[in-house]
Amino acid sequence: MSVEMLYEKDVTTNYLEGQTIAVIGYGAQGHAQANNFRDSGFHVIIGVRPGKSFDKAKKDGFEVYSVAEAAEKGDVVQMLTPDEVMSDVYKNEVADHLKPGNTLGFSHGFNVYYKEIVPPEFVDVTMMAPKGPGNLCRRTYKEGFGVPALYGAEQDASGHAEDKSKELAKANGAARAGLLKTTFKEETDEDLFGEQNVLMGGVTALIETGFEVLTEAGYSPQLAYFEVEHEMKLICDLIYEGGFNKMYQDCSNTSEYGSYVVGPKVVGKESKQAMKDALTNIQNGKFAKEFMADYRAGFPELYRLRERSANSQLSQVGAELRAHMPFVNDADKYSD
Ligand SMILES: NC(=O)C1=CN([C@@H]2O[C@H](COP(=O)(O)OP(=O)(O)OC[C@H]3O[C@@H](n4cnc5c(N)ncnc54)[C@H](OP(=O)(O)O)[C@@H]3O)[C@@H](O)[C@H]2O)C=CC1
Ligand SMILES: CC[C@](O)(C(C)=O)C(=O)O
């Protein structure tokens, strides 16, 4: 089923004109969206707790308030804290300040879809989900384009909720790259599926397993790192620029043949079944329950796995090698 992509020329309404956007959270997305919205001409304020993000937002020239104060002042309240804390932040500091006419905005459907947050009927509930990490949303906006985004509305109190979601996407630079209509259910299912099975979970598991197979067979960790991790970025760039066709054109016939013949044996029927199981657990809420339970217990599993990943031989070898590659730049964390 093919769907209609929208671009800047298609976003013609101005329901948000003159409105104040309260961005709640100034992390990966909060920082990027706040700066993009401001550069697109909106009055943007930040709501965040005292600390690193608060100081950074002030340094970046924003009016910074507590979450409750920002929610009170904002016409649009754009929820950009981590998903796991969002329902507490909402219940304790946002809900009581929402008024008829307000827009409650999200960049991921998780909390609304799994009913951790149940917004009052009198607000518009919008989705503007950039399909890319915050730093790249900001970097590409400054370069004159943006990352694509999904838009949509879960609740339409004003009759214009969907238009407002498109306007937010345009203000974030996303309409230069393309907008796709979605629902909170679809965005949540697909986003969780993508990050678990392909983008992050699948790719990291493939890289780690490839590294293990090579080093266990006696190849040097440095060589294994270059083969299975470093080059991944260069190959991904080709896919991003021109799809599989460009990747195959730019690579050798040997690699193309090996890719067709061996790849499907590595990611075969078992992996497909595992992906289907993962999708079922997303759709039935099992993954969300497990994630929220780990958070409410103090994130023991997340922190254990994070430490294991950070201390793996692959991570350490990679860090040592990248130290000799000054052109590999990871310095733009939340730069504006
Ligand atoms: N990361 C990404 O690029 C993408 C994220 N999304 C979605 O965007 C939303 C935001 O995610 P992301 O940007 O990754 O989040 P981050 O973890 O990067 O940002 C967290 C921000 O929220 C603040 N914060 C944390 N806890 C609280 C609290 N209790 N009260 C007030 N502020 C708090 C942090 O402040 P402090 O410094 O004080 O901790 C920080 O400013 C999520 O819904 C996510 O799914 C969607 C697409 C891509
Ligand atoms: C791929 C991870 C992501 O979905 C993203 C950057 O889009 C996220 O939730 O951070």
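Residues numbered from 1 in each chain as written. Chains lettered and ligands numbered in written order. Predicted model: local features only at pLDDT ≥ 70, side-chain atom pairs only at ≥ 80, totals over all residues. Heavy atoms only, no water.

The full set close to ligand 1 counts 23 residues, and Y26, Q29, R49, S53 and D83 are the nearest of them. Within the backbone of A28, an N or O atom sits 2.8 Å from an oxygen atom of ligand 1. In this structure, Q29 approaches ligand 1 through a main-chain N or O atom, which is 2.8 Å from an oxygen atom. Of all the elements in the fold, those that place two or more residues in the shell around ligand 1 are α1 (28–39) and α4 (83–94). The dominant element in the shell around ligand 1, judged by the number of residues it contributes, is α4, at 4 residues. Within the shell around ligand 1, the residues separate by chemical class into 12 nonpolar, 9 polar and 2 charged. (Near = heavy atom within 4 Å. Polar contact = N/O pair within 3.5 Å; in protein donor to acceptor, adjacent residues only side chain to side chain. Helix = DSSP H or I, 4+ residues; strand = E, 2+ residues; numbered from the N terminus. Nonpolar A, V, L, I, M, F, W, Y, C, P; charged D, E, K, R; others polar.)

Let's shift gears to unusual backbone geometry. Of note, the phi angle at K115 is positive, near 60 degrees, even though the residue is not glycine. Taking relative accessible area as the criterion, K115 reaches 64% and is therefore assigned exposed. Positive phi values are uncommon outside glycine, yet F299 reaches one of about 60 degrees. Mapped onto the fold, F299 is located in the loop between α13 (286–296) and α14 (300–310). (Buried < 20%, exposed > 50% of the residue type's maximum accessible area, 1.4 Å probe, protein only.)

Mapped onto the present numbering, the UniProt feature "binding site: substrate" (unreviewed entry) falls on S252. Mapped onto the secondary structure, S252 falls in the loop between α10 (221–250) and α11 (253–266). (UniProt positions renumbered as here; feature names shortened; annotations may be inferred.)

This part is about the environment of T280. Positionally, T280 belongs in helix α12 (residues 269–283). Distance in space between the C-alpha atoms of T280 and D189 is 9.3 Å, their sequence separation being 91 residues.

This part takes up the packing of helix α8 (residues 184–199) against helix α9 (residues 201–216). Interhelical geometry of α8 versus α9 gives an angle of 10 degrees and a closest axis separation of 3 Å. Considered as vectors, α8 and α9 are oriented roughly parallel to each other. Contacts between α8 and α9 pair E195, Q196, N197, V198 and L199 from the former with G201, G202 and V203 from the latter. (Axes fitted to C-alpha atoms, helices over the stretch in contact; angles between N-to-C directions. Parallel < 35°, antiparallel > 145°, perpendicular 65-115°, else oblique. Contact = heavy atoms within 4.5 Å.)

Taken together, G132, P133, D191, E195, L199 and M200 make up the full set of residues adjacent to ligand 2. Between ligand 2 and D191 there is a distance of 3.1 Å, counted from an oxygen atom to a side-chain nitrogen or oxygen. Measuring from an oxygen atom of ligand 2, one finds a side-chain N or O atom of E195 at 2.7 Å. Expressed as a share of its isolated accessible area of 280 Å², the protein-covered part of ligand 2 is 63%. (Areas by Shrake-Rupley, 256 points an atom, 1.4 Å probe, with all protein chains shown as cover.)

As enumerated under the stated definition, the model contains 12 aromatic pairs in all. Arranged with centres 4.7 Å apart and planes meeting at 40 degrees, the rings of Y113 and Y114 form a pair that is tilted. A relative accessible area of 17% means that Y114 is categorised as buried. Aromatic pair F287 and F291: ring centres 6.1 Å apart, planes at 10 degrees, arrangement stacked. Highlighted residues: F287 and F291, both in helix α13, separated by 4 residues, approximately one helical turn. Judged by relative accessible area, which is 25%, F287 ranks as partly exposed. Residue F291 is classed as partly exposed on the basis of its relative accessible area, which comes to 22%. In this structure, R38 is placed above the aromatic ring of F62, and the distance from its NZ or CZ to the ring centre is 3.7 Å. (Phe/Tyr/Trp six-rings, centres within 6.5 Å; stacked < 30°, edge-to-face > 60°. Lys NZ or Arg CZ within 6 Å of the ring centre and 35° of its normal.)

Right, let's talk about the sheet that holds strand β5 (residues 76–79) for a bit. Sheets are built from strands paired through backbone hydrogen bonds, the pairs being either parallel or antiparallel. Pairing is mixed in the open sheet, where 9 strands are placed in the order β1-β9-β8-β7-β6-β5-β2-β3-β4. In this open sheet, the two edge strands, each paired with only one partner strand, are β1 (5–6) and β4 (63–65). Across 4 bridges, strand β6 (residues 103–106) lies against strand β7 (residues 124–130) in parallel orientation. What sits directly across from T103, in β7, is D124. (Pairing = 2+ DSSP bridges.)

Turning next to a nonpolar patch on the surface. A cluster of nonpolar side chains, namely L206, Y257, Y260, V261, V262, V266 and V267, defines an oily patch on the protein surface of about 660 Å² accessible area. If one sorts the elements of the nonpolar patch by residue count, α11 sits on top with 5 residues. Summarising the element assignment, L206 is placed in helix α9. (Patch = residues over 30% accessible without salt bridge, like charges linked within 9 Å, V, L, I, M, F, W, Y side chains within 5 Å. Salt bridge = Lys/Arg side-chain N within 4 Å of Asp/Glu carboxyl O.)

A few words on the pairing of β7. Counting buried positions over the 7 residues of β7 gives 7, a clear majority of the element. Burial of the side chains of β7 extends over both faces: D124, T126, M128 and P130 are buried on one face and V125, M127 and A129 on the other. Two elements, β7 and strand β8 (residues 149–155), share 6 bridges in a ladder whose sense is antiparallel. When the sheet's bridge partners are listed, M127 is paired in β8 with G152.

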